[in-house]
Every structure is written in C-alpha cells, then in structure tokens.
Amino acid sequence: MNYLLNSRGPISIVKLNHIFREAYGAFIVSNDADPPLVMRREMEIGIKLAELCQRTGVKHIVYSAVDFVFRITGQRCPRYDGKGEIEHKFRALGVPLTVLKLPLSIEYLVNTLIPSRQGSDFVFTGVSDSGRNFDVMNYADVGPVVKIAFERPNIFVGKTIGLTVDRIDINQFVEEIRDTFKDDSEYGWRYERTTQKEYQKDKKNNRELATLLDFHCNYAPLRDVRTMQALNPDIQTFAEYISANKSRLTKLFKIS
C-alpha cells in the first residue's frame, strides 16, 4: 500500500504513527520552496519524521538531500542547511538509510536567475565566474532512482549517492537560452559578473542564488553523470529542459 503525504500544516503524529507502522519504506523530501524563515519549521518536521521512522521500525528510508553549505563553507544558506540538519539527525539515529544528494535544481536556477533588459539586450547578473562548472538536475527525474533504491535495499541501504544530469557553466546557460530564442527575438543575451558588494546593493538581486552558485561552482563535491544515466536512462538534460519550457520562460523573462 502506498501513501503520499504532503504536509504544510501541523503534523498528526497519531495518524503518521499508524501509517509508518504499516510501511516498509519511506521516501522523505523536506520543503525548499518557502521563504528562509520557514527553515526552522522544515527542520522541526524533518526531525519528527526521522524519529518516527526509528520508533515505528521503517525498514528503509530514502532521503532526498543536498549538501550542507554552512558546514562546508561557513556561509549560511537556509534553503540547503535545514536539509543538512535533517540528514544529520537521520544518521545519528542509525536508521536504514539511503541518501540521494541532489545538485542545483534546474527549475530553481531558471526561475531565479532572471535577466534584466538593458537596451536591446537581456543581461544576467551574478558574482560567479562564468566559466566555472556546476552540476544541475531536474528534480522530477529522481523518482525512478527512488524506486530502484527500494527494490534493491541490499545495494542501497547505507549508501550516499551523488546525482547529476548535466555539468554546465553560466556561459553555457546563457548560450542555451540564446539558442532557444534565436528565431523569436532580435535581443542579445549576455552575462555580466559583478562584485559581491555591488551585487548586494541591488535589492532585485537574489543573495541566496549568489550563495548557491558560489557553493556549487567552488565547493560542491563532483558528481558523475553516468551514475544518474544508469539509474534513470530517461533523464532530461539541461538543454531539453530549456526547450520544453520555452513558453514558460518567454513569460518569465518577459520576452515580447
């Protein structure tokens, strides 16, 4: 029997206790879509779920994780750090665990790195070196990996697996956007690197994105695309994602 639990409000421990006692395994994803102030709430829910898994004897937990930015760099990143704390709790409890470490979300990147119009150009602005590579992935592609992990516990329990679909840089990001819209507009596309001080002066700029790009370009562990290709042959590459979401990006970037 399968259950899908999506909790944004108070957790009913009594209800979850009954469900978890009947469950073989649990795939747990903690929220990363709400404002940073919700990090405390995310940790509270995640830690309760970890303790519940231990108490009810769940035989296999698959946790969708990201790197713990603060422990690696000393920089605070609420979007990632709450998940790092939850993963730490799972490990401390000693439950049968598989950790899937995800890279930067393609959807988050394109939804957050929004260009500004400067004359006839669309300009992306950031503090990262445009030639530094970083791993990206459409998080929707993780489902088949979770299925395989549950089917082969003897292989996956106790393992931490770094996943990625593509390794790109900002230059490739801009080039892919340019190629996607080359027949629909006469605008130019470019990236301008600025200093951290200048970047933070403009309130329109996303500081969280700057922190994440700096982390993924300079500190994040390298991942092997072949791992993801073996676990899910139908993964969506960065170029395929951009092409499939052209209509949405037209509205997001306000391309007329």
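How each quantity is defined
Residues numbered from 1 in each chain as written. Predicted model: local features only at pLDDT ≥ 70, side-chain atom pairs only at ≥ 80, totals over all residues. Heavy atoms only, no water. Helix = DSSP H or I, 4+ residues; strand = E, 2+ residues; numbered from the N terminus. Rg over C-alpha atoms; globule rule 2.2 N^0.38 Å. Buried < 20%, exposed > 50% of the residue type's maximum accessible area, 1.4 Å probe, protein only. Contact = heavy atoms within 4.5 Å. Axes fitted to C-alpha atoms, helices over the stretch in contact; angles between N-to-C directions. Parallel < 35°, antiparallel > 145°, perpendicular 65-115°, else oblique. Left-handed = near helix turned anticlockwise from the far one by under 90°. Nonpolar A, V, L, I, M, F, W, Y, C, P; charged D, E, K, R; others polar. Pairing = 2+ DSSP bridges. Arc of directions from axis to C-beta. Core = buried A, V, L, I, M, F, W, Y, C linked by side-chain atoms within 4.5 Å. Salt bridge = Lys/Arg side-chain N within 4 Å of Asp/Glu carboxyl O.

Asks: Can you break down the overall build of the chain residue by residue, with the values?
Replies: Along its length, the chain carries 13 helices and 10 strands. Taking 2.2 N^0.38 as the reference for a compact globule, 256 residues should give roughly 18 Å; the C-alpha atoms of the chain span a radius of gyration of 20 Å, in line with that estimate. Relative to its full complement of 256 residues, the chain shows a buried share of 44%. Nonlocal contacts in the chain, meaning residues at least 24 apart in sequence, comprise 84% of its contacts between residues at least 6 apart.

Asks: Tell me about the packing of helix H1 (residues 13–22) against helix H2 (residues 39–56), residues and numbers included.
Replies: It is at 9 Å that the axes of H1 and H2 come closest, and there the two elements cross at 45 degrees. What the angle tells us is that H1 and H2 run oblique. Here the hand of the crossing between H1 and H2 comes out right-handed. Within the contact between the two elements, H1 uses Ile-13, Leu-16, Asn-17, Phe-20 and Arg-21 and H2 uses Lys-48, Leu-49, Leu-52, Cys-53, Arg-55 and Thr-56. Residue composition of the contact of H1 with H2, grouped by class: 6 nonpolar, 2 polar and 3 charged.

Asks: Mind laying out the packing of H2 against helix H4 (residues 78–93), listing which residues take part and the relevant values?
Replies: Interaxial distance between H2 and H4 falls to 9 Å at its minimum, and their mutual angle equals 20 degrees. Viewed along their axes, H2 and H4 adopt a mutual orientation that is roughly parallel. Handedness of the crossing formed by H2 with H4: right-handed. Together, Met-39, Glu-42, Met-43, Gly-46, Ile-47, Ala-50, Glu-51, Cys-53 and Gln-54 of H2 and Pro-78, Asp-81, Gly-82, Lys-83, Glu-85, Ile-86, Lys-89, Phe-90 and Leu-93 of H4 make up the contact between the two elements.

Asks: Any details on the sheet that holds strand S9 (residues 166–168)? Residues and values, ideally.
Replies: Taken in spatial order, the 3 strands make up an open sheet running S4-S7-S9, and their pairing is mixed. Each end of this open sheet is capped by a strand with a single partner; those strands are strand S4 (104–105) and S9. Bridging between S4 and strand S7 (residues 134–137) involves 2 bridges; their strand directions are parallel. The residue bridging Leu-104 from the neighbouring strand is Val-136, located in S7.

Asks: Mind laying out the environment of Lys-201, listing which residues take part and the relevant values?
Replies: Tracing the backbone shows Lys-201 in helix H9 (residues 196–201). Residues Lys-201 and Tyr-187, spaced 14 residues apart in sequence, show a C-alpha to C-alpha distance of 26 Å.

Asks: Outline helix H6 (residues 143–151), listing residues and values.
Replies: Residues spaced three or four apart along an α-helix point in a common direction, a consequence of the helix completing one turn every 3.6 residues. All buried positions along H6 are accounted for by Val-145, Val-146, Ile-148 and Ala-149. For H6, the angular spread of buried residues about the axis comes to 165 degrees, placing them on one side. Buried-residue contacts for H6 involve strand S1 (25–29), strand S2 (60–65), strand S3 (97–101), helix H7 (153–156) and helix H11 (225–231).

Asks: Kindly report on the nonpolar core, identifying the contributing residues and their values.
Replies: If you look at soluble globular proteins, the nonpolar side chains tend to sit buried side by side. Ranked by size, the top nonpolar core spans 50 residues in total, and within it Leu-109, Leu-163 and Phe-173 carry the most contacts. Among all residues touching Leu-163, those that are not within four sequence positions of it are Leu-100, Lys-101, Leu-102, Pro-103, Met-137, Val-142, Val-145, Arg-223, Thr-227, Met-228 and Leu-231. The next biggest cluster of nonpolar side chains, apart from the first, holds 20 residues, and it includes Val-58, Tyr-63, Ile-86 and Val-95.

Asks: A description of the pattern of salt bridges should follow, citing residues and the corresponding values.
Replies: Scanning the entire structure with this criterion turns up 14 salt bridges. Across the pair Lys-48 and Glu-44 runs a salt bridge whose closest N-O atoms are separated by 3.5 Å. Of this pair, Lys-48 and Glu-44 both sit in helix H2, 4 residues apart, which is roughly one turn of that helix. Given the relative accessible area of 35%, Lys-48 is considered partly exposed. For Glu-44, a relative accessible area of 36% translates into the label partly exposed.

Asks: Give me unusual backbone geometry: which residues, what numbers.
Replies: In this structure, Lys-254 is a non-glycine residue whose phi angle is positive, near 60 degrees. Within the secondary structure, Lys-254 is located in the segment after helix H13 (246–252). Given the relative accessible area of 68%, Lys-254 is considered exposed.

Asks: Got a sec to walk through the sheet that holds S3? Specific residues and values, please.
Replies: Read from one edge to the other, the open sheet built from 4 strands follows the order S1-S2-S3-S8, with strand pairing classed as parallel. Each edge of the open sheet is held by one strand with a lone partner, namely S1 and strand S8 (160–162). On average, adjacent strands in this sheet sit at an angle of 15 degrees to one another, irrespective of strand direction. Inspection of the sheet shows S2 paired to S3 by 5 bridges, in the parallel sense. Considered in S3, the bridge of Ser-64 is made with Leu-100.

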